[in-house]
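Understanding the architecture of this molecule
What follows is the residue order along each chain.
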Amino acid sequence: MVGLAFLATVLNYVHRLSFSYLSATGPLRELIPDDAFGYIGTAFFVAYMLSNAFSGFVIDKLGTRIGYSICMAFWTTAGLMHAFVVTPLQFGIVRFMLGIGEAGNWPAALKLVTEWFPPEERSTASGIFNSGSALGAIIVPPLVAYLGLSYGWQTTFIVLGVAGYLWLAAFWFIYYTPERSIKESKARIIPPMKLVRTRFVSMFMLSKVLIDPVWYFVTFWIGRYLADVYHWDLKKIGWFAMLPFIVADVGNILGGYFTQFIIRKGVPIPKARKLSVGIFITIMGGALILAPFVITTAVSALVFFSLAGFGYTAYLANALAYPADVVPKSAVASVWGLASVGAGLGGAIFQSLSGLTIKTFSTSHGYGYAYNILFIGFGVSCLIGLSIILFLMGPLVKNEKLHEYVLKN
């Protein structure tokens, strides 16, 4: 079952990032300047934010099978529509629709993991399904380079859409909720405002405003960075831009397994989660802040992108397990969706700021200087987010009031 969530996450990132690479050079680059690219990214994340506000509740209400299927159908159709638009405004619209659908992947996959795995194994299972994001990012550069150069960008989007529909058919006929989890998963739904008013959810949401945009910087801007600073073409980007995501995939597995390992050694689950997150976010933030002072070649740049990606995915493998540690199973998807409103808000803000920063400072100081500003800014941002997790979120223990609420008739 976790393999189905893994494949869905692969497709999620393939659909998400194909536009970024296809527009890094070639015909789409001529249509999409730097500031427009930033605004199109903002459209995606505004939709992502709005969708997260309700997608988790829809999935909790409808169940994993129906909820996950609706999300996949929506984002696959939006991805397919990329083949039939030609202006920045039109791309902004289809990217907005893509964000609406893609936001549901993580609440749905997290609900799946909560239904199928015990607490001590959830960080590992979460890392496994979330490794699909890094594998998707690995696949995208060579895949879209081959399809785009051989058949054109329109055909590329059509092929990716067909792949999404094939997953949808397989999932619909294979997935079921295990009997032991049916009652808990269908328990009373907790209203959104009741969840938001809890310290855990509100601080979790705030931390994601500052941390998640780092991953979006790595995934959305690496192609343009290599084209702008080192003048790489799509073919070369296709071969080498996958390297940071291979390392990030290791982070997904290692981050989850490290926590599982120290839990088995006797470290309490709440302490183990925060210890792991502290280590991995420090790696991410430190790499980004140090990068402008060390990077001298494209290869060294890829190393620092890799460290940042590794730190993020290792952190996320643990963060995905937070909701199930604190809230009832019937609210897990809802909480992750609400927390990810912060990710969408942060993505929208930082994508626009990134585009404006590149356009403004590349003109006067060059692309290298402009991107260095982003490296340092994102590094500081994620370390602030870490301080929120460690000192403001509170302990990752069962919220008795919320558990009592779902048991009431």
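First, a word on scope: everything that follows refers to the structure included in this document. Because the structure is predicted, anything quoted here is derived from the model rather than measured. (Residues numbered from 1 in each chain as written. Predicted model: local features only at pLDDT ≥ 70, side-chain atom pairs only at ≥ 80, totals over all residues. Heavy atoms only, no water.)

1. Let's talk about the overall build of the protein
- Helix and strand counts for the protein come out as 19 helices and zero strands.
- Relative to the compact-globule value of 22 Å for 409 residues, the protein shows a C-alpha radius of gyration of 20 Å, a close match.
- Taken over the C-alpha atoms alone, the protein extends approximately 60 × 45 × 35 Å along its principal axes.
- The buried share among the 409 residues of the protein stands at 62%.
- Counting contacts in the protein only where the partners sit at least 6 residues apart, residues at least 24 apart contribute 86% of the total. (Helix = DSSP H or I, 4+ residues; strand = E, 2+ residues; numbered from the N terminus. Rg over C-alpha atoms; globule rule 2.2 N^0.38 Å. Buried < 20%, exposed > 50% of the residue type's maximum accessible area, 1.4 Å probe, protein only. Contact = heavy atoms within 4.5 Å.)

2. Considering the layout of surface pockets
- Counted as a void, the second largest pocket has a volume near 150 Å³.
- Lining the second largest pocket are S51, F54, S55, V58, I59, G67, I70, C71, F74, I100 and G101.
- Elements with a minimum of two residues in the lining of the second largest pocket: α3 (34-62), α4 (64-81) and α5 (88-102).
- With five residues, the top contributor of residues to the lining of the second largest pocket is α3. (1 Å grid on protein atoms, 1.4 Å probe; cavity = no way out; pocket = protein on both sides within 12 Å on 5 of 7 lines; lining within 4 Å. Points joined across faces, edges and corners; volume = space filled by probe spheres on them.)

3. A few points about empty space enclosed by the protein
- The tally for this structure, following the rule as stated, stands at two cavities of 30 Å³ or more.
- Taken together, 14 residues form the lining of the largest cavity, with Y48, W106, D212, Y216 and Y312 sitting closest to its centre.
- Elements with a minimum of two residues in the lining of the largest cavity: α1 (2-22), α11 (199-230), α15 (298-319) and α17 (332-365).
- Element by element, the count of residues in the lining of the largest cavity is highest for α11, at four residues.
- The residue makeup of the lining of the largest cavity, split by class, is nine nonpolar, two polar and three charged.
- Its volume calculated, the second largest cavity comes out at about 40 Å³.
- Along its surface, the second largest cavity is lined by F19, S20, F37, I40, G41, F44, R95 and F220.
- For the lining of the second largest cavity, the elements supplying multiple residues, two or more each, are α1 and α3. (Nonpolar A, V, L, I, M, F, W, Y, C, P; charged D, E, K, R; others polar.)

4. Some words on the side chain of H15
- Position of H15 relative to the elements: it lies in helix α1.
- At a separation of 3.5 Å, a polar atom in the side chain of H15 contacts the side chain of W75.
- Ignoring sequence-local partners within four residues, the contact set of H15 consists of W75, T76, G79, R95, L98, E102, L160, G161 and G164. (Polar contact = N/O pair within 3.5 Å; in protein donor to acceptor, adjacent residues only side chain to side chain.)

5. Points about helix α6 (residues 105-116)
- Taking 1.5 Å as the rise per residue, α6 with twelve residues should run 16 Å; its terminal C-alpha atoms sit 17 Å apart, in good agreement.
- Burial runs high along α6: eleven of the twelve residues are buried.
- If you check which residues of α6 are buried, you get N105, W106, P107, A108, A109, L110, K111, L112, V113, T114 and E115. (Expected span 1.5 Å × (residues − 1).)

6. Details of helix α13 (residues 243-264)
- With 22 residues, α13 ought to run about 32 Å at 1.5 Å a step, and its terminal C-alpha atoms sit 32 Å apart, in line with that.
- Where α13 is concerned, the buried positions are P244, F245, A248, D249, G251, N252, G255, G256, T259, Q260, I262 and I263.
- Check the buried side of α13 and you find it contacts α1, α7 (122-151), α11, α12 (234-240), α14 (269-294) and α15.
- At the exit of α13 stands G266, carrying a positive phi of roughly 110°.

7. Some remarks on unusual backbone geometry
- In this structure, H231 takes a positive phi of about 60° despite not being glycine.
- Tracing the backbone through its elements, the reader meets H231 in the loop between α11 and α12.
- Residue classification places H231 among the exposed residues on the basis of a relative accessible area of 65%.

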